Amino acid sequence: MATQKTAKKKPVKQAKSKSPKNDTKKTMATVFIMGKSHEVPADATIMGAIEYAGYQIIRGAGCREGFCGACATVYRMPGDYKIYTGLACTTLVEDGMWLSQLPAIPAQKPVYDIDKLDPNVATFQKIYPEVFRCVSCNSCTKACPQDLEVMDYINAAMRGDIEAVMDLSFDCLSCGLCAIRCPSEIVQYNVGLLGRRLYGKYLSKESKQLKKRIKEVKERKFDKEYKEFKTMKKEELKKNYYDRDTE
Amino acid sequence: MYPEYMRPSLEKVAQTRNKRFELEKSGKPVFPPMNAEEREEVLNKFHPDYKPAARRKIRIGPNKDEHITTEVADMLESHSRIKPEFFDLTKPDYETDILIIGGGGAGCAAAILAMQKGAKSIISTKLRLGDANSMMSQGGMQAAVTAQDSPTRHYLDAMGGGHFDNKPDLVRALTEDGPEVVKWLEDLGVVWDKLEDGSLQVLHGGGTSRKRMHSCRDYTGAIIMRTLMDKVRNHPDKITCLEFMPIVELLLDSKGQCAGGVLYNLETEEYFTVKAKATIIATGGYGRLHIRGFDTTNHYGATGDGLVMAYRAGAKLLYMDSVQYHPTGSVFPEQIAGFLITEKIRGAGGQPLNKHGELFVFPREPRDVESSAFIRECLEKNNGIETPSGRLGVWLDSPLIEMIQGEGYINKQFPAMHRQFIRYGIDITKESMLVYPSLHYQNGGIEINDKCETNIPGLYVAGEATGGAHGRNRLMGNSVLDYNVFGRRAGIFASDYIKSVKISALTLNHITDYDDELKKAKIKTDLITPVLLPSYTPEDVRKRQLTACYEGTLR
Ligand SMILES: Cc1cc2nc3c(=O)[nH]c(=O)nc-3n(C[C@H](O)[C@H](O)[C@H](O)COP(=O)(O)OP(=O)(O)OC[C@H]3O[C@@H](n4cnc5c(N)ncnc54)[C@H](O)[C@@H]3O)c2cc1C
Ligand code: SF4
Ligand code: SF4
Ligand code: FES
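A. Here's a closer look at the confidence of the model for chain A. Taken residue by residue, chain A gives an average pLDDT of 90. The fraction at 70 or more is 90%. Note that residues 1-24 of chain A has pLDDT below 50 and, in this model, 57 contacts with residues that lie over four places away or in other chains.

Encoded structure:
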């Protein structure tokens, strides 16, 4: 029963011609997906390898490009005691890798109303009191696949330096890898998110021009021109378009 | 790291850089922009949509006999996943005011506005909340805020970019709501890029005549999406999120009003019914259908589900003959093939170059024109660069940006992009990227008016799943704006609508009727939709999966 036909087509390459400098033999690597051994292309990403091995991912893939944090993965290498962390969609496999994806990270999110918060340290104390239990072990920073200074933004939250929380956590994907390594049970990415929202709402300087423009729209300043454009013949609209100047 | 054989070409790029820098500084266009005839010619000859096999006639349903994208026609001419007789519709499993299908940007914006108007909602979403195209936009959002700009100018740019096929009322809503959306998002806590004095930083995008691209470094989508999600999650009393629980069909009532949908739990494989007074489709695009075999920039769940559900229920589609290929998808290294390289790179001065290091097109033509010009340069003029796996591409000169905008600019403004490449030993502050068009955006979709209403009462649609606002070609930055503008509108107008609507007996007769239509048209297909998830299982593995009906999430 061949179902889901359209989607099952494997993406084909756009250029047909044989590559100029290609050695046709694919080099393979052995990886252990949740303990089971599989031969996969040596240049595959972890996500590519899981799919190559025949798994249909349900949990563990979102954007597939390093933005959503759905694909947190932990792995070990042979003869190495360390546990490594990475994103399945952007980390390449290595021979001997023993890996497992994390389908979800247990982390409840406290509920708050951003309109009723103050942009200061007391807000962190109230919503995320565990932040102040940080023992500065730096495990979170070491685990972060985005190479963020996670411990530093947690420390910034402890000082109430909201701008630094915003700046240092800006590229956070909420993948959760920091949180599962934290001995103080802090959910760093939620702290970062709160910091960014507080900054955007309360501390970022206001744009006067934006206020002015919104007022103009409310006063229907552009009504007349909109109506003119709407009733204009296509040819005339085209002329307006091609004749317009560019900044 | 680029292979050795690409070195000579990369050196040519470096050699021409100073000259091109001077050209850029002169303030004149670095390459003459195309006029209307030139645009038409390159589109006709090289845009993938214009190839004969790209479109075919659809044989059933509301758009019967129209020519639409072949893969979409295949998807629409298919069987449902469910058998209506298995459902007892007198006892719905869930009841709510508004069912929102899709937890991306449009879905969350709708839920927030509906909540503020007092309506309760359920967001059904296929993956996790926010696992969506909305999470991925890097470039930014257009909105006419600056003094030298105006919403009407934005309107003109959008109409021209869409080849004047756009529905005027939708473009007006899009452009006129723009400034308000910037403010709304900031009040929710979005951190916009700003200048010292608090004014918003704006850049050019393809086809814009004023700088109006607002951004949050190159994590624009991630910042906006996470802010919206956080807001949604702060109101569990009003908004219920059901993750890994996609909707697979709509429910109608005996009066033909839309009245909810059928949920499918991807993990336990159970089906549930949701009765709602109004339903909002916000399922996004279809990049994962890999139209014309192209790689895609889209997230894992972008399989066009909303289109087929709505079509079976009788909703009309608009401009389903047009597909957007983003000019700059990455082609090297292989692991990131198809990944998006934001248009902001060209907005900041990055130039596309052929293998001789020469400019061959104005860097900021509308997307379809720019893409076609890249394809022409590779296929007709043979001026592309071939990768070890046989892909073709042109250079996108990023080091030039550091010369134009100052050293350190890339690291500050494009951290995601820098990170993406440095993993593979390519430092984009020093070396160009290799790019080729990638399947990016569903230009058409379910037809709506400026209240997000469809031809089915009670069915609203917002975001990428809709058709009309962008004509046959969307301009960069207009879809982040789109999902906010129309997501909000859908939330508002659906909340108004539910105050007076009465839902009568629920039915799935439209599913049975559609299947009859398939039979009558003598269409033989074993395709079952919505697709839900693409499969990347290799052919040989699939052959060994003998109980193929057990594969994936389909049983
Ligand atoms: C890589 C990338 C970069 C982009 N950059 C920009 C940019 O810089 N500027 C710009 O303006 N636009 C950009 N876009 C386009 C823009 O991001 C999208 O068009 C927009 O976010 C779509 O929003 P949406 O809410 O309609 O859909 P999405 O955000 O995709 O949300 C749809 C949601 O519905 C879910 N879903 C799908 N089917 C079902 C189902 N059957 N049941 C339940 N849920 C379902 C999906 O999983 C997803 O969560 C970009 C797109 C991509 C892919
Ligand atoms: S800070 Fe934590 S959640 Fe954010 S990207 Fe780094 S490891 Fe992931
Ligand atoms: S892992 Fe936890 S305790 Fe250790 S530095 Fe990070 S936040 Fe602090
Ligand atoms: S799948 Fe989104 S970050 Fe990997």
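There's more to say after this.
B. Local environment of the pairing of strand β1 (residues 28-33) of chain A. All names here are of chain A. On β1, burial follows the alternation: Ala29, Val31 and Ile33 on one face are buried, whereas Met28, Thr30 and Phe32 on the facing-out side are not. Both β1 and strand β2 (residues 36-41) contribute to a ladder of six bridges, which runs antiparallel. Note that in β2 the partner of Val31 across the bridge is His38. Turn length for the β1-β2 hairpin, with the two strands adjacent in sequence and antiparallel, is two residues, and the turn residue Met34 shows positive phi of about 50 degrees. In this structure, β1 lies alongside strand β5 (residues 98-101), joined through two bridges in parallel fashion. Its bridge partner being in β5, Ile33 is matched across the sheet by Leu99.

C. Quick look at the side chain of Thr303 of chain B. All names here are of chain B. Of note, Thr303 is situated in the loop between β11 (271-281) and α8 (305-313). In this structure Thr303 comes out as buried when scored by relative accessible area, which is 0%. Reaching out from Thr303, the side chain makes a polar contact with the side chain of Asp305 at a distance of 2.7 Å.

D. Main features of the nonpolar core. The biggest cluster of nonpolar side chains holds 236 residues, and the ones touching the most others in it are Leu76 and Phe486 of chain B. Counting 13 residues, the second largest nonpolar core, distinct from the first, contains Phe222, Tyr226 and Leu237 of chain A together with Phe164 of chain B.

E. Broad picture of the domain arrangement of chain B. Residue and element names in this part refer to chain B. Splitting chain B by domain gives domain 1 (4-50 + 328-439) and domain 2 (79-322 + 443-507). A separation of 31 Å is found between the C-alpha centroids of domain 1 and domain 2. Contact with domain 1, which involves 29 residues of that partner, is made by 30 residues of domain 2. Both faces considered, domain 1 and domain 2 share a buried interface measuring about 2,600 Å² in area, 53% of it formed by carbon and sulfur atoms. A per-residue breakdown of the area domain 1 buries against domain 2 is headed by Lys344, Arg367 and Leu439, which together make up 28% of the total.

F. Quick peek at empty space enclosed by the protein. Residues and elements named next belong to chain B. According to the stated counting rule, one finds seven cavities of 30 Å³ or more in the structure shown. The space that makes up the largest cavity amounts to roughly 690 Å³. Lining the largest cavity are 49 residues, and of these Ala132, Asn133, Ser134, Gly284 and Glu464 lie nearest its centre. Those elements that provide at least two residues to the lining of the largest cavity are α4 (105-116), α8, β17 (433-442) and α14 (478-498). At four residues, the largest contribution of residues to the lining of the largest cavity is made by α14. In terms of residue class, the lining of the largest cavity is made up of 15 nonpolar, 25 polar and nine charged. Two domains each put at least three residues into the lining of the largest cavity: domain 1 (4-50 + 328-439) and domain 2 (79-322 + 443-507).

G. Examining helix α5 (residues 151-161) of chain B more closely. Buried residues dominate α5 of chain B, accounting for 11 of its 11 residues. The set of residues buried in α5 of chain B consists of Pro151, Thr152, Arg153, His154, Tyr155, Leu156, Asp157, Ala158, Met159, Gly160 and Gly161 of chain B. Contacts made by the buried residues of α5 of chain B are with α9 (208-218), α10 (223-231) and α11 (234-243) of chain A together with β6 (141-142), α6 (168-188) and α14 of chain B. Looking at the residues trailing α5 of chain B, positive phi occurs at His163 of chain B, about 60 degrees.

H. A look at the sheet that holds β5 of chain A. Residues and elements named next belong to chain A. With mixed pairing, the five strands of this open sheet are ordered in space as β2-β1-β5-β3-β4. Looking along the sheet, the strands with just one partner apiece sit at the ends: β2 and β4 (84-87). Along the sheet, successive strands turn relative to each other by an average axial angle of 35 degrees, direction set aside.

I. Expanded view of the site of ligand 2. Neighbouring ligand 2 are Cys144, Pro145, Gln146, Val150, Tyr153, Cys172, Leu173, Ser174, Cys175, Gly176, Cys178 and Tyr189 of chain A. Split by residue class, the shell around ligand 2 holds nine nonpolar, three polar and no charged.

J. Summary view of the interface of chain A and chain B. Each partner contributes to the interface: chain A provides 89 residues, whereas chain B provides 124 residues. Together, the buried faces of chain A and chain B total about 9,800 Å²; carbon and sulfur atoms form 55% of this surface. Ranking the residues of chain A by area buried against chain B places Phe67, Tyr226 and Glu247 of chain A at the top, with a combined share of 9%. At the boundary of chain A with chain B, the tally comes to 12 salt bridges.

K. Quick look at the environment of Val394 of chain B. Residues and elements named next belong to chain B. Mapped onto the secondary structure, Val394 falls in strand β16 (residues 392-397). Residues Val394 and Gly61, 333 residues apart in the sequence, show an inter-C-alpha distance of 41 Å. Beyond its immediate chain neighbours, meaning those up to four positions away, Val394 contacts Leu353, Phe360, Phe374, Cys378, Ile385, Met433, Leu434 and Val435.

L. Up close: the domain arrangement of chain A. Domain annotation for chain A reports domain 1 (23-101), domain 2 (114-203) and domain 3 (211-242). Taken over C-alpha atoms, the centre of domain 2 of chain A sits 45 Å from the centre of domain 3 of chain A.

M. Here's a closer look at the site of ligand 3. The local shell around ligand 3 holds 13 residues, among which Cys134, Cys137, Asn138, Cys140 and Cys182 of chain A are the closest. Grouping the constituent residues of the shell around ligand 3 by class yields eight nonpolar, five polar and no charged.

N. Inspection of the pattern of salt bridges at higher detail. One pass over the full model with this rule turns up 60 salt bridges over all chains. Notably, a salt bridge pairs Asp245 of chain A with Arg210 of chain B, separated by 3.2 Å at the nearest N-O pair. Of this pair, Asp245 of chain A sits in the segment after α11 while Arg210 of chain B sits in the loop between α6 and β7 (213-214), placing the two residues on different chains. A network of salt bridges, in which partner residues are shared, links Arg220, Asp223 and Lys227 of chain A together with Arg172 and Glu176 of chain B.

O. Focus on the environment of Val331 of chain B. Note that Val331 of chain B resides in the loop between β13 (323-330) and α9 (344-347). Along the chain, Val331 of chain B and Pro8 of chain B lie 323 residues apart, while their C-alpha atoms are 19 Å from each other.

P. Region of interest: the packing of aromatic side chains. For the coordinates displayed, the defined rule picks out 16 aromatic pairs over all chains. Both rings, one in Phe360 of chain B and one in Phe374 of chain B, keep their centres 5.8 Å apart while their planes meet at 65 degrees; by these two values the pair is edge-to-face. Placement of Phe360 of chain B in the loop between β14 (351-353) and α10 (367-379) and of Phe374 of chain B in helix α10 is noted, with a sequence separation of 14 residues between them. One aromatic cluster in this structure is built from Tyr226 and Phe229 of chain A together with Tyr155 of chain B. In this arrangement the basic side chain of Arg217 of chain B is found over the ring face of Phe170 of chain A, its NZ or CZ atom lying 4.0 Å from the centre. Lying over the aromatic face of Tyr441 of chain B, Arg474 of chain B brings its terminal NZ or CZ to 3.9 Å of the ring centre.

The rules behind these values
Residue indices begin from 1 for each chain and proceed along its sequence in written order. The naming scheme follows written order: chains are lettered A onward, ligands numbered 1 onward. For a predicted model such as this one, the threshold for reporting local features is a pLDDT of at least 70, and the threshold for listing and counting side-chain atom pairs is 80 or more; totals across whole chains, interfaces and linings nevertheless cover every residue. Heavy atoms from the whole structure form the basis of all side-chain values; hydrogens and water molecules are not counted. Confidence scores per residue from the predictor, reported as pLDDT, run from 0 to 100. What makes two residues a contact is simply this: any of their non-hydrogen atoms within 4.5 Å. Exposure classes here rest on a 1.4 Å probe applied to the protein chains alone. A residue is buried below 20% of its type maximum, exposed above 50%, and partly exposed in between. Strands here mean DSSP runs of E at least two residues long; helices mean DSSP runs of H or I at least four residues long; both are numbered from the N terminus. Two strands pair under a simple rule: DSSP has to find at least two bridges between them. Polar contact criterion, stated in full: a pair of N or O atoms within 3.5 Å, where within protein one must be able to donate a hydrogen and the other to accept it, and residues adjacent in sequence count only if both atoms are side-chain atoms. In these notes, a set of buried Ala, Val, Leu, Ile, Met, Phe, Trp, Tyr and Cys residues joined through side-chain atoms within 4.5 Å is what counts as a nonpolar core. Domain limits in this description derive from either an automatic procedure or a database domain assignment. When two parts are brought into contact, each loses some accessible area as probed by a 1.4 Å sphere; the total of that loss over both is the buried area. Cavities and pockets are found on a 1 Å grid laid over the protein atoms alone: a cavity is a set of points where a 1.4 Å probe fits but cannot escape, a pocket is an open set with protein on both sides within 12 Å along at least five of seven lines, and a lining residue has an atom within 4 Å of such a point. Grid points are joined across faces, edges and corners, and a volume is the space filled by probe spheres set on the points. Classes in brief: Ala, Val, Leu, Ile, Met, Phe, Trp, Tyr, Cys and Pro nonpolar; Asp, Glu, Lys and Arg charged; the others, Gly included, polar. As a rule, the C-alpha atoms of each element are fitted with a line to give its axis, helices using only the stretch in contact, and angles between N-to-C directions run from 0 to 180 degrees. Note on definitions. A residue lies near a molecule or strand when any single heavy atom of the residue is within 4 Å of it. Here, a salt bridge means any Lys or Arg side-chain nitrogen found within 4 Å of an Asp or Glu carboxyl oxygen. The criterion for an aromatic pair is that two Phe, Tyr or Trp rings (for Trp, the six-membered ring) have centres within 6.5 Å, with stacked assigned to planes under 30 degrees apart, edge-to-face to planes over 60 apart and tilted to the rest. Note on geometry: a ring has a charge over it if NZ (lysine) or CZ (arginine) is within 6 Å of the ring centre and within 35 degrees of the ring normal.

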